[in-house]
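Structure assessment
Next come the chains, spelled out residue by residue.
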Amino acid sequence: MKTQLEHAREGTETKQMRAVAKSENFDIGILLSRIANGSIVLMNRKDVSVGIGKGLSTKVNVNLGTSSLKIDPDEEVKKARIAQMYGADTITDLSMGGDISKIRR
């Protein structure tokens, strides 16, 4: 399975790229070029694609996660729900402690 970067470098538009271009009211050719050169990245989760980078609207990302000193999955879920409630564009789990696979599920 090719990455968005690989598709962009080949000049191939994907449905994720088209969705971001539409939601940002952004020229697909410029988007493709900027993905190819690394100045824009796409974050995809299920059927939602978000573009982050040069020329796109500002996004709010929330970083959360456990550490080797504090492992409380319930607290991380609570943080994720609060982030979603307040409209975060992306949520990134940076967990480094505990059963990370279980925590992310």
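Heads up: the structure comes first, above all this text.
Residues numbered from 1 in each chain as written. Predicted model: local features only at pLDDT ≥ 70, side-chain atom pairs only at ≥ 80, totals over all residues. Heavy atoms only, no water.

1. Some thoughts on the environment of Glu75
For Glu75, the location among the structural elements is in helix H4 (residues 73-85). Along the sequence, Glu75 and Ile35 sit 40 residues apart, while their C-alpha atoms lie 35 Å from each other. In terms of polar contacts, Glu75 uses its side chain to reach the side chain of Lys70, at 3.0 Å. (Helix = DSSP H or I, 4+ residues; strand = E, 2+ residues; numbered from the N terminus. Polar contact = N/O pair within 3.5 Å; in protein donor to acceptor, adjacent residues only side chain to side chain.)

2. What to know about the pattern of salt bridges
For the coordinates displayed, the defined rule picks out 7 salt bridges. One network of salt bridges, in which partners are shared, links Lys70, Glu75, Glu76 and Lys79. (Salt bridge = Lys/Arg side-chain N within 4 Å of Asp/Glu carboxyl O.)

3. Observations regarding unusual backbone geometry
Its identity is not glycine, yet Asn25 carries a phi of approximately 55°, on the positive side. Within the element layout of this structure, Asn25 appears in the loop between helix H2 (15-24) and helix H3 (28-37). Unlike most non-glycine residues, Lys46 shows phi in positive territory, near 55°. Considering the arrangement of structural elements, one finds Lys46 in the loop between strand S1 (40-45) and strand S2 (48-53). The exposed category is assigned to Lys46, whose relative accessible area is 79%. (Buried < 20%, exposed > 50% of the residue type's maximum accessible area, 1.4 Å probe, protein only.)

4. Notes on H2
Within H2, the full set of buried residues consists of Met17, Val20, Ala21 and Glu24. Around the axis of H2, the buried residues are gathered within 100° of arc, so they sit on the same side. Away from its buried face, by an angle of more than 90 degrees, H2 presents the exposed residues Lys15, Lys22 and Ser23. On its buried face, H2 sits against helix H1 (4-10), H3, S1 and S2. At the exit of H2 stands Asn25, carrying a positive phi of roughly 55°. (Arc of directions from axis to C-beta. Contact = heavy atoms within 4.5 Å.)

5. A look at the packing of H2 against H3
Two elements in contact, H2 and H3, have axes separated by 10 Å at closest approach and are oriented at 120°. Regarding the angle of H2 to H3, the classification is oblique. In this structure, the crossing between H2 and H3 has a hand that is right-handed. Counting all contacts with H2, which are made through Met17, Arg18, Val20 and Ala21, the residues of H3 involved are Ile28, Leu31, Leu32 and Ile35. Here the residues of the contact of H2 with H3 sort into 7 nonpolar, no polar and 1 charged. (Axes fitted to C-alpha atoms, helices over the stretch in contact; angles between N-to-C directions. Parallel < 35°, antiparallel > 145°, perpendicular 65-115°, else oblique. Left-handed = near helix turned anticlockwise from the far one by under 90°. Nonpolar A, V, L, I, M, F, W, Y, C, P; charged D, E, K, R; others polar.)

6. Things to note about a nonpolar patch on the surface
A cluster of nonpolar side chains, contributed by Ile82, Met85 and Tyr86, occupies part of the molecular surface with about 380 Å² of accessible area. Tracing the sequence through the fold places Ile82 in helix H4. The partly exposed category is assigned to Ile82, whose relative accessible area is 39%. (Patch = residues over 30% accessible without salt bridge, like charges linked within 9 Å, V, L, I, M, F, W, Y side chains within 5 Å. Areas by Shrake-Rupley, 256 points an atom, 1.4 Å probe, with all protein chains shown as cover.)

Any functional reading would require information that these geometric values do not contain.
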